[in-house]
Amino acid sequence: MKSPLRASLFTLAITSLGFAADPAAPATAPAVAAAPTAATGVDFVRDVQPILETKCLECHNPNKIKGKLLMDSAAALLKGGADGPALVAGKPDESEMIKRVILPKDHDDIMPPKGGPLAAKEIDVLKRWIAAGAQWPQNLTLQYKTPEQRQALAELQKKLPTLKNIQILPDKYSLETKRDFHRVVVLATFQDATTKDVTNVCDLRVADSKIASLENLTLKPVADAGSTEVIATLGGQTVKAAVEVKNGTKDRAISFRLDCMPVFMRGGCNQGGCHGAARGKDGFRTSLFGMDPAGDYIRITREMPGRRINLAIPEESSLIEKAVGAVPHSGNQCFEPDSVYNKALLEWISAGAPDDAADVAKVTGIEVFPSQIVMEGKNATQQITVRATYSDGTDRDVTNLALFMSNNDPTATIDKQGLVTSGDRGAAFMLARFNVYSVTAQVLVIPAQLKYERPNLAETNYIDTLVDENLHKLRILPSGICTDEEFVRRAFIDIAGVYPEAKDMRAFLADKNPDKRAALVDSLLERKEFTELWVMKWAELLQIRSGIAGNNNVPPFYKNALLYYNWLSERIGKNIPINEIVVELLSATGGTVSNPAVNFYQTELDQLKLTENVAQVFMGMRIQCAQCHNHPFDRWTMDDYYGFKAFFSQIGRKPTDDPAEVIIYNSKGGESRHFLTQAVMKPKFLGGDTPEMKPGEDRRKVLAEWMASPRNPFFARNVANIIWSHFNGVGVVEPVDDVRVSNPPSNPALIAALAEHLTEYKYDMRKFVRDICTSQTYQRSTKVNETNAGDKRNFSHAQVRRVRAEVLLDAISQITDTPNKFQGLPLGARAVQIADGAVSNYFLTTFGRAKRESVCSCEVKMEPTLSQALHLMNGDAVNDRIKQGRVVAKMIQEKKNDREIVEDLFLRVFGRMPLDKEWANVQQAITEDPASRQNVLEDLFWALLNSKEFYFNH
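All figures in this text were calculated on a predicted structure; none of them were measured in a lab. (Residues numbered from 1 in each chain as written. Predicted model: local features only at pLDDT ≥ 70, side-chain atom pairs only at ≥ 80, totals over all residues. Heavy atoms only, no water.)

**Points about the pattern of salt bridges**
Our working definition: One speaks of a salt bridge when a side-chain nitrogen belonging to Lys or Arg is within 4 Å of a carboxyl oxygen belonging to Asp or Glu. Here a helix means four or more residues in a row that DSSP labels H or I, a strand means two or more in a row labelled E, and each is numbered from the N terminus.
This model, assessed by the stated rule, comprises 53 salt bridges. Its salt-bridge partner being Glu-671, residue Arg-699 comes within 3.2 Å of it at the nearest N-O pair. With Arg-699 in helix α21 (residues 699-707) and Glu-671 in the loop between β25 (662-666) and β26 (672-673), this pair connects stretches of sequence that are 28 residues apart. In this structure, Arg-804 engages Glu-806 in a salt bridge whose closest nitrogen and oxygen atoms are separated by 3.2 Å. Taken together, the shared-partner salt bridges connect Lys-528, Glu-532, Asp-810 and Arg-830 into one network.

**A short note on the sheet that holds strand β23 (residues 590-591)**
Applied cut-off: Two strands form a pair only when DSSP identifies at least two bridges running between them.
Read from one edge to the other, the open sheet built from three strands follows the order β23-β25-β24, with strand pairing classed as antiparallel. Whereas interior strands pair on both sides, the edge strands pair on one side only; in this sheet they are β23 and β24 (651-655). With five bridges connecting them, β24 and β25 associate as antiparallel partners. Note that in β25 the partner of Gly-652 across the bridge is Tyr-665.

**Describing unusual backbone geometry**
In this structure, Pro-170 follows Leu-169 across a cis peptide bond, with omega equal to -5°. Tracing the backbone shows Pro-170 in the loop between β3 (163-169) and β4 (172-175). The linkage connecting Glu-734 with the following residue, Pro-735, adopts the cis geometry, with an omega of 0°. When you line up the elements, Pro-735 lands in the loop between α22 (715-728) and α23 (748-760).

**Digging into the nonpolar core**
Rule in force here: Among buried residues, the Ala, Val, Leu, Ile, Met, Phe, Trp, Tyr and Cys ones that are joined through side-chain atoms within 4.5 Å form a nonpolar core. Think of it in three bands: with a 1.4 Å probe and only protein chains considered, a residue is buried below 20% of the maximum accessible area for its type, exposed above 50%, and partly exposed in between. Contacts: residue pairs with any heavy atoms within 4.5 Å of one another.
Residues Leu-568, Phe-600, Phe-618, Phe-644, Met-707 and Phe-950 are the most contacted members of the largest nonpolar core, which totals 154 residues. Residues within four places of Phe-644 in sequence aside, it is in contact with Thr-611, Val-614, Ala-615, Met-619, Ile-623, Lys-684, Leu-686, Leu-703 and Met-707. One finds Met-261, Phe-369, Ala-380 and Ala-388 within the second-largest nonpolar core, a separate group that totals 54 residues.

**Quick word on the sheet that holds strand β16 (residues 385-390)**
To keep things clear, this is the line we draw: Interaxial angle, 0 to 180 degrees, is taken between N-to-C directions of lines fitted to C-alpha atoms, where a helix line uses only the stretch in contact.
In spatial order, the strands read β13-β16-β17; together these three strands make up an open sheet with antiparallel pairing. Every other strand in the sheet has two partners, leaving β13 (363-369) and β17 (395-397) as the edge strands with one partner each. For this sheet, the mean inter-axis angle between neighbouring strands, taken without regard to orientation, is 25°. Pairing of β16 with β17 involves three bridges; the strand directions are antiparallel. Residue pairing in the sheet places Arg-387 in a bridge with Asp-397 of β17.

**Topic: the packing of helix α31 (residues 916-928) against helix α32 (residues 933-945)**
Basically, it comes down to this: Should an angle fall under 35 degrees it is called roughly parallel, over 145 degrees roughly antiparallel, and 65 to 115 degrees roughly perpendicular, with every other angle called oblique. Rotating anticlockwise by less than a right angle from the far helix to the near helix defines a left-handed crossing, while the corresponding clockwise rotation defines a right-handed one. The residue classification treats Ala, Val, Leu, Ile, Met, Phe, Trp, Tyr, Cys and Pro as nonpolar and Asp, Glu, Lys and Arg as charged. All others, Gly included, are polar.
Contact geometry for α31 and α32: axes closest at 9 Å, N-to-C directions at 155°. One way to sum up the angle between α31 and α32 is to call them roughly antiparallel. Handedness of the crossing formed by α31 with α32: right-handed. Mapping the contact onto sequence places Val-922, Ala-925 and Ile-926 in α31 and Arg-933, Val-936, Leu-937 and Leu-940 in α32. Residue composition of the contact of α31 with α32, by class: six nonpolar, no polar and one charged.

**Brief notes about the state of the cysteines**
Let me state the cut-off plainly: Cysteine sulfur atoms are paired as a disulfide whenever they fall within 2.5 Å.
With the rule as written, the count across this model stands at one disulfide. At a sulfur-sulfur separation of 2.3 Å, the disulfide partner of Cys-856 is Cys-858. Negative torsions about the S-S bond denote left-handed disulfides, and the value of about 130° found for Cys-856 with Cys-858 makes this one right-handed. Given a relative accessible area of 17%, Cys-856 falls into the buried group. Cys-858 gets classed as partly exposed once you look at its relative accessible area, which sits at 42%.

**Observations concerning the side chain of Asn-743**
The condition is simple: Definition of a polar contact: a pair of N or O atoms within 3.5 Å, with one able to donate and the other able to accept a hydrogen when the atoms are protein atoms, and with sequence-neighbouring residues admitted only if both atoms are side-chain atoms.
For Asn-743, the position within the fold is in the loop between α22 and α23. A polar contact of 2.9 Å, which involves the side chain of Asn-743, links it to the backbone oxygen of Asp-738. Ignoring sequence-local partners within four residues, the contact set of Asn-743 consists of Val-733, Glu-734, Pro-735 and Asp-738.

**Considering the packing of helix α19 (residues 607-619) against α22**
Close contact between α19 and α22 brings their axes to 7 Å; oriented N to C, the two are set at 65°. Listed contacts from α22 to Val-617, Phe-618 and Met-619 of α19 are Phe-715, Asn-718 and Ile-722. Looking at the contact of α19 with α22 residue by residue, the classes come out as five nonpolar, one polar and no charged.

**A few points about the environment of Glu-570**
Of note, Glu-570 is situated in helix α16 (residues 558-573). The class of Glu-570 is partly exposed, set by a relative accessible area of 29%. Between the C-alpha atoms of Glu-570 and Thr-531, which are 39 residues apart in sequence, the distance is 9.4 Å. In terms of polar contacts, Glu-570 uses its side chain to reach the side chain of Arg-571, at 2.2 Å.

Geometry only, nothing functional implied.
Printed below as a string of structure tokens:
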């Protein structure tokens, strides 16, 4: 054991310079640097180690042994290289390393050859060190430090005074067999919320080396059984992680499913572009992503006996030779001959290529460590590890078997070994996939040495708190609050789907009430237009339309779509919570005329598509991939898919005397069969349990009760995200109906809080919308600053959004005083009120109104196009309506002066007063040609309606 004094000296050296003892050292404690000798004043860790690691090891490390000389340990230096020992303790002048560093700088043999000769001070340090006996800390192995690593160490030294805490990840370890191991990661968190991987620069050791050991930062068992701890020390802080060893001297048998199948996945062998393709590749087919290990075992061991696997000479198996590139392989070399992957396959073949027992352990989940990191500057690195849990209660470090990907490479990349490297400022998620499970780790990247002071921001509610905290982590300064004019226009369009009238603007601007914005929100929430807007949005999701091929809802049966729409409108109008509406919808039974809710089951007759639609509409999940194979980027398997489909397998349909009506009922018969195995699948909640069901019980009712209940964690999140996206232009998960592990929320805490409050409010939409629209986040300006100009996902500023087609057409009608006429609706009805998705016109089609032919959120087109601009300029949407509505002519007849008319037009179209420059230009045009006053003002009206400021919400 080391003394407290020597331990403190070691810790001081580690925390000030950032060097670590060899993790592979078998000693019970880490190496201890020798104290400076009185004669020389040289300390190895402080003075010698930096010279060797930065100037010598670049050419003399295990990966590059120039002149057959290694310089990473005392034994290597004493052994020497091609010219004999590198040093002679006590005799610097006879030491080869000194002879080489004092050669003339133009000499061919001078060391180091790169970066110029050593400084005189550095040479003196080495001489004094050797003269004093060349003391080297016990078991210390040096590592070459690249310029980037040296820079990182220097930055760590500067940040250590602000160290908040350190963590060992995972925080406990279980080693179950001789071959079991776990990679150890030590994460430092600083007071500014940034993190650093300090595994290589902290004092890291195992308390009892007779129980377990650390080899290259990897924990391995030594004893057969026992308990100990991993201990990490940095900056005066010490943390511990428990280690439990069981059967540490016993080996487990090699397993096809546990050891070989993960190798095929890691090597890309069973991906769609290789042997996992439907027809395989080069005569060899495996199941896609390893979803059928039993079938893969047969194909590998039985299809071509003696070739794919050679039990007599395993190395000559085609499976091995092609993987290591020993013979031509269209997939190129998958891994090196001495890799753990090749060794696992060779071991399995050498053991006779056995199949697994029926009770072989199965993967039950995976975890990623650390789950959230905040990296500072470019090229910072962080090691991520992945741990899998198994059905027999064991766990396993599968970092070297997992697949990794980043959803935002410009911000952070991740290599095959799980090493994250930072890039530009932003947020990214690192996806780790193993077996059928996928998890993510959030990575936030901020600029290095950023001059930043957290702003003192006003916060209305929980939304602001969570958004501002995320912005703080990213060091993004939010935009200021929008003007009153901008807020009124934004709120009217978002909440009620109408543009404010001039009188609304004038009244609000004149109001001195400090809470007038909240009062406006409350008043808009009570308008019928709020209800109509959300009826339209849910009608899109539910695909309410006539003329659907394959069912009874075809012309002339427009009335079914109208009845369905009216049912939905009546429910939302009464403020019935959406969860109750969904329960009624999913469990609906009866006729399509007598009980309009059952039209939901006539919109899509195909059970597969119906299954997918329910998951996408009510849970935001696209599970289509799992119909034919396990989802490659999400948690869903074929078992999940067909278990969920089983809820819809007993839907019965029968006609009535009315040709427009079909009866939907529980047939009590019909099963969902697995696509691959043809096994009958029991109904299973997506991501949930398998419910106990009585024979003949209506499965849809069981699903409906679960779907909109707190037991389903996805429903509230999905509804909350849909509502949030409407008001902010982008969802916390975007697209809103593509919730998956590989597309995580930009602010996990925010989406969780939104879902929690929506549930707490019992799905009262008005109360929930009030939270959003009264928040400071919603009221931010669209004007950006230097820090948030590139932000599109963290709500640091309002998004400039094109107004959706129906609202824009209604606005043109309202502003120009020209009523619309739509099929089935009276003159003057709004486009938002159209019940049937099949009813449209040229304007609505051009501006991207949803056809309601699918449940995809992408059906609503919000992107501006050239055809839209041309239609506004040249079509009848604006020019003809200005003439027909006679808005300008009426104001002239009312004897309004030029200023009054111009102000009215600007308030109608833009929701603001004209700028001085704008008014001056109009005034000049009228002055130059007074006889054309009406034409000039109508031209102004046309120009305003054709401007981006009109058809964008901002």
